[in-house]
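Fold and contact review
Listed here are the chains, written in short residue letters.
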Amino acid sequence: MGGRYPHMLLILILLHGANAAIDAPVEKWQTLDGRPPLVIARGGFSGLFPESSKFAYEFAMTASLPGVVLECDLQLSSDGVGFCRSGLTLDKSTLIAEMYPKKDKTYKLGSEDIHGWFAVDFTSDELINNVTVIQTIFSRPSTFDAIMGMYTLDDMAGLHPQQIWVNVEFDGFYRDHNLDIEDYLLKLPKDYPIAYISSPDISFLKSIGGKLKGRAKLILRCLADNVTETSVKKSYGEILKDLKSVKAFASGIMVPRNYVWPVNNNLYLLPPTSLVKDAHALGLEVHVGSFANDILTSYNYSYDPAAEYLQFINNPDFTVDGLMTDFPPTASGAVGKH
Ligand SMILES: *[C@@H]1O[C@H](CO)[C@@H](O)[C@H](O)[C@H]1NC(C)=O
Ligand SMILES: *[C@@H]1O[C@H](CO)[C@@H](O)[C@H](O)[C@H]1NC(C)=O
Ligand SMILES: *[C@@H]1O[C@H](CO)[C@@H](O)[C@H](O)[C@H]1NC(C)=O
């Protein structure tokens with residue numbers, strides 16, 4: 001290791017995390033169904049590889065528990081092909097701006113003007129053959145930048161994961177551009193193991209829920225508790241005060257960590273909320289994300305990412321049903337030791 005492979009040490013740290021705290025056995029998982037919590041790989045192993053790339057998904061599968069769920073943030077190209085990539089624009093996580101310097105646009109998202117390069121302005125051929133993906137977090141390795149094209153949901157399904165999680169953020173934007181995400185999802189081959197569809201948009205969940213016929217579980221993806229949901233015009237914090245109303249259109253929720261374990265201003269953990277127990281009492285699953293080895297969220301974990309996972313799955317009162325993470329091998333270590 002040394003000059004020639006400056007990233008290798010970092011990569012090893014990212015791969016293994018620290019393992020100090022994961023030796024206490026769990027008697028019985030307190031998930032909704034009593035099974036071990038899911039490890040949900042956000043864009044694959046995005047802590048090491050560019051998110052939602054071939055390597056990110058392949059390594060998530062080989063380096064995690066066998067049941068690892070592969071997550072795809074869905075975007076559609078102009079010809080209606082589904083790609084996995086987070087956000088709405090492509091220029092921060094790909095080299096599209098270098099390849100097509102004049103194809104940037106400004107579009108409205110709600111009342112906001114968004115400038116950038118958008119999947120809806122490119123054909124699937126262009127995105128697959130001429131646009132390469134890069135790491136967006138500068139402290140993570142750039143070793144794998146610019147060597148892989150954009151990856152489709154079909155490509156990812158071709159890896160044969162046991163379960164796929166599709167997250168849909170901008171249904172209304174695509175409809176403004178004559179593309180229908182709901183229709184795309186309903187027409188996917190029946191043998192795709194789409195187990196979960198999540199969205200922060202309640203109207204989208206309600207609409208697709210009537211047509212899915214139970215093919216996938218619908219999950220309300222809650223943003224920060226002070227952010228307003230666009231269709232019911234209430235904050236996510238407010239919406240979760242009435243979990244019964246959520247149960248009417250979803251099988252579960254995905255929430256930021258602090259909905260379950262809040263921290264104070266000095267990043268020390270406060271006592272947990274009753275959210276997981278309350279949701280479980282109504283039959284709602286609770287998934288938490290997004291975890292990452294390289295983001296400090298509370299000093300109580302002593303810089304040990306495994307300790308953080310265990311706080312959510314191995315405490316006397318509850319186990320969350322899923323952990324969404326950029327580092328699925330570390331989460332798998334925390335779940336799988338037991
Ligand atoms: C990809 O880029 C090359 C070189 O600029 C160009 O010749 C080709 O037509 C592009 N392919 C697509 C599908 O856009
Ligand atoms: C929500 O709260 C965060 C942190 O307290 C703050 O920075 C942000 O501006 C707030 N956002 C809104 C929409 O009020
Ligand atoms: C977090 O650490 C602080 C300081 O040591 C301690 O007072 C607090 O009880 C801890 N919180 C939890 C939930 O363990």
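Residues numbered from 1 in each chain as written. Chains lettered and ligands numbered in written order. Predicted model: local features only at pLDDT ≥ 70, side-chain atom pairs only at ≥ 80, totals over all residues. Heavy atoms only, no water.

The name an unreviewed UniProt entry assigns to the protein chain is glycerophosphodiester phosphodiesterase, from the organism Aegilops tauschii subsp. strangulata. Looking at the Catalytic activity (unreviewed entry) heading of the UniProt record, one finds this comment for the protein chain: "a sn-glycero-3-phosphodiester + H2O = an alcohol + sn-glycerol 3-phosphate + H(+)". (UniProt positions renumbered as here; feature names shortened; annotations may be inferred.)

Turning our eyes to something else, we now look at the environment of Ala334. By secondary structure assignment, the location of Ala334 is in helix H13 (residues 328-336). Note: C-alpha distance between Ala334 and Glu308 (26 residues apart in sequence) is 9.2 Å. (Helix = DSSP H or I, 4+ residues; strand = E, 2+ residues; numbered from the N terminus.)

In a disulfide, the sulfur atoms of two cysteines are held together by a covalent bond. Under the criterion given, the structure shown has 1 disulfide. Paired by a disulfide, Cys72 and Cys84 hold their sulfur atoms 2.1 Å apart. On the sign convention where negative is left-handed, the bridge of Cys72 and Cys84, at about -100° about the S-S bond, is left-handed. Here Cys84 lies in strand E3 (residues 82-84) and Cys72 lies in strand E2 (residues 69-76), a separation of 12 residues in the sequence. (Disulfide = S-S within 2.5 Å.)

Another aspect to go through is the site of ligand 1. Taken together, Met99, Tyr100, Asp125, Glu126 and Asn130 make up the full set of residues near ligand 1. Between ligand 1 and the protein, one listed contact pairs an oxygen atom with a side-chain N or O atom of Tyr100 at 3.2 Å. Asn130 places a side-chain nitrogen or oxygen 2.3 Å from an oxygen atom of ligand 1. The fraction of the free accessible surface of ligand 1 (360 Å²) that becomes covered by protein chains is 39%. If one sorts the elements of the shell around ligand 1 by residue count, helix H4 (residues 124-130) sits on top with 3 residues. Here the residues of the shell around ligand 1 are counted per class, giving 2 nonpolar, 1 polar and 2 charged. (Near = heavy atom within 4 Å. Polar contact = N/O pair within 3.5 Å; in protein donor to acceptor, adjacent residues only side chain to side chain. Areas by Shrake-Rupley, 256 points an atom, 1.4 Å probe, with all protein chains shown as cover. Nonpolar A, V, L, I, M, F, W, Y, C, P; charged D, E, K, R; others polar.)

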